[in-house]
Amino acid sequence: KNGAAAKGALQRYATEFPDGARIGDVYFALGQIFKDEGRTSLATAYLQKAAALNIGGQASLQVADLLLEDAKYDDAIREYERIAQKVQTKIERSYAQSRIVVALFRADKVAEAQKRAAEFRVAYPDAEPVFGEFEVERGRQLFRQKKYKDALSVFEDVADQRRLAGAKEAGDDGAGDSG
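Just so you know, the residues in each chain are numbered from 1, in the order the chain's sequence is written. Confidence filtering applies because this is a predicted model: local features only for residues at pLDDT of at least 70, side-chain atom pairs given and counted only at 80 or more, and all residues used for totals across whole chains, interfaces and linings. Hydrogens are left out, water is left out, and the side-chain values use all remaining heavy atoms of the structure.

**Q** Would you mind going over the overall build of the chain in detail, with residue names and values included?
**A** Helix numbers and strand numbers start at the N terminus; a helix is a DSSP run of H or I with at least 4 residues, a strand a run of E with at least 2. Along its length, the chain carries nine helices and zero strands. Buried residues are those whose accessible area, probed at 1.4 Å on protein chains only, stays under 20% of the maximum for their type, while exposed residues exceed 50% and partly exposed ones sit between those limits. Burial statistics for the chain: of 179 residues in total, 33% are counted as buried. We call two residues contacting when some pair of their heavy atoms lies within 4.5 Å. Long-range pairs, those at least 24 residues apart, make up 39% of the contacts in the chain between residues at least 6 apart in sequence. On the chain, roughly 11000 Å² of surface is accessible, and the fraction owed to carbon and sulfur atoms is 52%. Only the protein chains shown count as cover for residues, and all accessible areas are computed by the Shrake-Rupley method using a 1.4 Å probe.

**Q** A description of unusual backbone geometry should follow, citing residues and the corresponding values.
**A** Positive phi values are uncommon outside glycine, yet alanine 71 reaches one of about 65°. Here alanine 71 is to be found in the loop between helix H4 (56-69) and helix H5 (73-86). Judged by its relative accessible area of 45%, alanine 71 falls in the partly exposed class. Even without being glycine, lysine 146 reaches a positive phi, approximately 65°. Summarising the element assignment, lysine 146 is placed in the loop between helix H8 (128-144) and helix H9 (148-172). Classification of lysine 146 as exposed rests on a relative accessible area of 60%.

**Q** For the confidence of the model for the chain, give the residues involved together with the corresponding values.
**A** For residues with low pLDDT, the predicted coordinates do not support detailed interpretation. Note: pLDDT gives the predictor's confidence per residue, expressed from 0 to 100. Confidence along the chain averages 85 in pLDDT terms, with 91% of residues attaining 70 or more. Counting contacts from residues 173-179, a segment whose pLDDT is below 50, to residues more than four positions away or on other chains yields one contact.

**Q** Go over the side chain of glutamate 79, please, and point to the residues and values.
**A** By the secondary structure assignment, glutamate 79 is in helix H5. Setting aside residues no more than four positions away along its own chain, glutamate 79 makes contact with Ser60, Val63, Ala64 and Leu67.

**Q** Give me the nonpolar core: which residues, what numbers.
**A** Counting residues in each nonpolar core, the largest one holds 38 residues, and the members touching the most others are Tyr80, Phe120 and Phe134. Elements that contribute at least two residues to this core include exactly helix H2 (23-36), helix H3 (40-52), H4, H5, helix H6 (90-106), helix H7 (110-123) and H8. For this core, the element with the most residues is H6, which contributes seven residues. With near-sequence residues (within four places) excluded, phenylalanine 120 lies in contact with Ser94, Gln97, Ser98, Ala127, Val130, Phe131 and Phe134. Only buried Ala, Val, Leu, Ile, Met, Phe, Trp, Tyr and Cys residues count toward a nonpolar core, and they belong to the same one when joined by side-chain atoms within 4.5 Å.

**Q** Describe the pattern of salt bridges, with residues and values.
**A** Whenever Lys or Arg places a side-chain nitrogen within 4 Å of a carboxyl oxygen from Asp or Glu, that contact is recorded as a salt bridge. Across all of its chains, the model carries 15 salt bridges by this definition. Across the pair arginine 99 and glutamate 133 runs a salt bridge, and its minimum N-O distance is 2.7 Å. Residue arginine 99 is found in helix H6, and its partner glutamate 133 is found in helix H8; the two are separated by 34 residues along the sequence. Accessibility expressed as a relative area gives 10% for arginine 99, which makes it buried.

**Q** Before we move on, can you summarise the side chain of glutamine 62 with the specific residues and values?
**A** Considering the arrangement of structural elements, one finds glutamine 62 in helix H4. Ignoring sequence-local partners within four residues, the contact set of glutamine 62 consists of Phe28, Gln32, Lys35 and Leu47.

**Q** Just give me the short version of the environment of glutamate 128, but keep the residues and values in it.
**A** Mapping glutamate 128 onto the fold places it in helix H8. For glutamate 128, a relative accessible area of 58% corresponds to the exposed category.

**Q** How would you explain the packing of aromatic side chains if you had to name every residue and give the values?
**A** Centres within 6.5 Å make a pair out of two Phe, Tyr or Trp rings, where for Trp the six-membered ring is used; the pair is then stacked when the planes are under 30 degrees apart, edge-to-face when over 60, and tilted otherwise. In total, this model carries seven aromatic pairs according to the counting rule given. Judged by centre distance (5.2 Å) and plane angle (45°), the rings of tyrosine 13 and phenylalanine 17 are tilted. Here the aromatic rings of phenylalanine 120 and tyrosine 124 are separated by 4.8 Å at their centres, their planes lie at 45°, and the arrangement is tilted. Residue classification places tyrosine 124 among the buried residues on the basis of a relative accessible area of 10%.

**Q** Now, about the layout of surface pockets: what can you tell me, with residues and values included?
**A** In this structure, the largest pocket spans a volume of roughly 410 Å³. Secondary structure elements with two or more residues in the lining of the largest pocket: H8 and H9. With eight residues, the top contributor of residues to the lining of the largest pocket is H9. When the residues that make up the lining of the largest pocket are grouped by side-chain class, the tally is six nonpolar, two polar and six charged. Using only the protein atoms, space was sampled on a 1 Å grid; points where a 1.4 Å probe fits but cannot get out form cavities, open sets with protein on both sides within 12 Å along at least five of seven lines form pockets, and lining residues are those with an atom within 4 Å of a point. Grid points are joined across faces, edges and corners, and a volume is the space filled by probe spheres set on the points. Side-chain classes are defined by residue name, with Ala, Val, Leu, Ile, Met, Phe, Trp, Tyr, Cys and Pro counting as nonpolar, Asp, Glu, Lys and Arg as charged, and the others, Gly among them, as polar.

Here it is in structure tokens:
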């Protein structure tokens, strides 16, 4: 009940004070509320308004993530591209660029996805878990194309890589070191 009242108050503020000093924060809060309710179209709209007012890169990132979740891949790619150009840290840039690769695979733009994945591997060689995610997306794309044998092969390779990584970690934990 309090949540509905808070949402109503925020919506009234947005309607009555569209140029208010806190309007960006109100849009961001409404975006979060609608996201939590699973209403991605409304969430995206409010977060885009917040992002347009430069209310932190968080709003832009959430818009892009929602577009990706909502299968609006071309829009998501455009948003992630914009984010990758704006962000200051390598981790934020790598996240945006990795999501572009995922969106390209999901949009069945395989050649571009593979090209971007290869560039990502060169730019971020320490991001190994992401490489596995790219392969899973490639496998999912093959599966959608009904290339089941090829998809299975990709999924098995990913599983093998994860098992190898797990074995390496177990070996690197100091097991067998005597001092």
